Amino acid sequence: MTVAAIEAVDVSRTYELDGVSVSALRGVSLTIDQGEYVAVIGPSGSGKSTLMHLLGGLDRPSGGRLVIGGRDVASLTAPELATLRNETIGFVFQAFHLLARTSAVDNVALPLVYRGVGARQRRERAAAMLGRVGLGHRLHHRPNQLSGGEQQRVAIARALVTEPAVLLADEPTGNLDSVTGEAVLELLERLNAESGVALVMVTHDQEVAARARRRIAVRDGLIRSDTVHDRPGSAGAGEPATLDPAPSAEPRSASGSGPGRPSGGSGGATGATGRLPHAAGGAG
Ligand SMILES: Nc1ncnc2c1ncn2[C@@H]1O[C@H](COP(=O)(O)OP(=O)(O)OP(=O)(O)O)[C@@H](O)[C@H]1O
Ligand SMILES: [Mg+2]
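Conventions and cut-offs
- Residues numbered from 1 in each chain as written.
- Chains lettered and ligands numbered in written order.
- Predicted model: local features only at pLDDT ≥ 70, side-chain atom pairs only at ≥ 80, totals over all residues.
- Heavy atoms only, no water.
- Near = heavy atom within 4 Å.
- Polar contact = N/O pair within 3.5 Å; in protein donor to acceptor, adjacent residues only side chain to side chain.
- Areas by Shrake-Rupley, 256 points an atom, 1.4 Å probe, with all protein chains shown as cover.
- Helix = DSSP H or I, 4+ residues; strand = E, 2+ residues; numbered from the N terminus.
- Buried < 20%, exposed > 50% of the residue type's maximum accessible area, 1.4 Å probe, protein only.
- Lys, Arg positive; Asp, Glu negative; His and termini not counted.
- Salt bridge = Lys/Arg side-chain N within 4 Å of Asp/Glu carboxyl O.
- Contact = heavy atoms within 4.5 Å.
- Pairing = 2+ DSSP bridges.
- Axes fitted to C-alpha atoms, helices over the stretch in contact; angles between N-to-C directions.
- pLDDT = per-residue confidence, 0-100.

1. Section: the site of ligand 1
At step 1: Neighbouring ligand 1 are 14 residues; Ser-44, Gly-45, Lys-48, Ser-49 and Thr-50 lie closest to it.
At step 2: The backbone of Gly-45 places a nitrogen or oxygen atom 2.8 Å from an oxygen atom of ligand 1.
At step 3: In the complex, 63% of the free accessible area of ligand 1, which totals 630 Å², lies under the protein chains.
At step 4: If you list the elements that add at least two residues to the shell around ligand 1, you get strand S1 (6-17), strand S2 (20-32) and helix H1 (48-55).

See the structure below:
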C-alpha cells in the first residue's frame, strides 16, 4: 500500500482577526495520492487558498488531522515542518514571488540552498530544470527582464527543482493572458504526466477545471463535491456550471467525516444518478 502524499481529516482553520473569528475551513477531509491531477474550484472567499496553505504545510490547522508525506503536522516543530515542506511540496502562486534582483537560475536554485546542495550542483540542477520548462536560454535574466509567462515558468521550475511529491498551484494562470496561461497550463500538465508529481491546482475557470481527472469544489469552507472523471477534458459539455458531481463522475472521498455531517453517507452523486461504468478508484 502506498502512502498518500497528503491526507487531511476533518481539517478546519479559523482566523482570529480583531476579536472576530473567521471560519475559513470548517472540516475538510481529502487525500492526495501520488501523481494525481486535481482541480480545486469554488467562489471567492470559499477557502481554496486556505486549504492550499494547509495542504502545503505553510499553515497549520485549527482542528483535525493533517498528514504530509506520512508525517502528522501536529507532531512537528516549525523547523521540522519547514524541512518537510522543502522535501515534499512545491508551490506556484498567482503572483510569481520571484526574487527581483536575482537571476532566473539563482531563483530556481534557492530551494536547494536549504537542502545543503553545493553551489555548483545547485546551478546545474536549476539550469536543467529551466531547460525543462523551456527557459534554457534565459538563465541569467532577472524577473523584470522576463515576460509574465516566463516568470511563471521560472516559478514552476523553482517549485519542481527539489523533486517534490506534490505541486500546489494557486491560480497559476491568474495573472497571465489566455494564450500565455494556456502554455503554462500545458507545461504543468506535461510535468505532472512526465515526472509523476501530483498537481493540485486552484482555478476560477470551469474549462480549466474540466481538464483535471479529479475535481474538488469548495464552498463556505467545506468540500461540496469531490469527483473523479473518466475522461478529463471532455467535461465542459453536460456538466452543470455549479460543478455538482456530473453523471459521469464518481464521488471520490465521500466517506467518513463529510463536511459537517457525522453520517458517512454516500455523497449522493453516484447513487443518485446510477450510470457509472468504470470511473472508480485510483487516480493517475
Ligand atoms: N489571514 C487571514 N485572516 C483573516 N481572515 C482570512 C485570512 N485569510 C483568509 N481569510 C478569510 O478566510 C476566507 C477564505 O479565504 P481564502 O483566501 O481561503 O479564499 P479563496 O477561496 O482562496 O478566495 P479567492 O478565490 O478570492 O482567492 C475568506 O472569508 C477570507 O476573508
Ligand atoms: Mg485564493
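2. Some remarks on the side chain of Lys-48
At step 1: Within the secondary structure layout, Lys-48 lies in helix H1.
At step 2: Of the side chains with opposite charge, Glu-171 lies nearest to the buried Lys-48, which makes no salt bridge, at 5.2 Å.
At step 3: One polar contact links the side chain of Lys-48 to the main-chain carbonyl oxygen of Gly-42, over a distance of 2.9 Å.
At step 4: The contact partners of Lys-48, leaving out residues within four places of it in the chain, are Val-40, Ile-41, Gly-42, Pro-43, Val-202, His-204 and Val-218.

3. Regarding the sheet that holds strand S4 (residues 63-68)
What links the strands of a sheet is backbone hydrogen bonding, and the strands pair in either a parallel or an antiparallel sense.
At step 1: Taken in spatial order, the four strands make up an open sheet running S2-S1-S4-S5, and their pairing is antiparallel. Both outer strands of the open sheet, S2 and strand S5 (71-72), are each paired with one neighbouring strand and no more.
At step 2: Relative to S2, S1 runs antiparallel, the two being bridged by 10 bridges. Bridge pairing links Ile-6 to Ile-32 in S2.
At step 3: Across the sheet, H1 touches S1, S2 and S4, and the angle it forms with S2 is around 60 degrees.

4. Side note on the pairing of S1
At step 1: In textbook terms, the turn of a hairpin is the stretch between consecutive antiparallel strands, and for S1 and S2 this stretch comprises two residues, one of which, Asp-18, has a positive phi near 50 degrees.
At step 2: Across five bridges, the pairing between S1 and S4 is antiparallel. In the sheet register, Glu-7 faces S4, and the bridge partner there is Val-67.

5. Concerning unusual backbone geometry
At step 1: The phi angle at Asp-10 is positive, at roughly 50 degrees, despite the residue not being glycine.
At step 2: When you line up the elements, Asp-10 lands in strand S1.
At step 3: With a phi close to 55 degrees, Glu-163 is a non-glycine residue in the positive phi region.
At step 4: Since its relative accessible area comes to 65%, Glu-163 is described here as exposed.

6. Examining the confidence of the model for the chain
At step 1: When pLDDT is averaged across the chain, the result is 85; 82% of the residues are at 70 or more.
At step 2: Across residues 235-247 the pLDDT falls below 50, and counting only partners more than four positions away or on other chains, this stretch makes 20 contacts in the model.
At step 3: In the predicted structure, residues 254-284 sits below a pLDDT of 50 and forms 43 contacts with residues beyond four places in sequence or in another chain.

7. Things to note about the pattern of salt bridges
At step 1: The final tally for this structure, using the stated rule, is 11 salt bridges.
At step 2: With a closest N to O distance of 3.3 Å, Arg-120 and Glu-124 form a salt bridge. Highlighted residues: Arg-120 and Glu-124, both in helix H4 (residues 119-132), separated by four residues, approximately one helical turn.
At step 3: Assessed through its relative accessible area of 45%, Glu-124 is described here as partly exposed.
At step 4: Residue Arg-190 is joined to Glu-194 by a salt bridge in which the shortest nitrogen-to-oxygen separation is 3.4 Å. Residue Arg-190 and its partner Glu-194 are both found in helix H6 (residues 178-195); the two are separated by four residues, about one turn of the helix.
At step 5: Here the salt bridges share partners, and the residues they tie into one network are Glu-36, Arg-214 and Asp-226.

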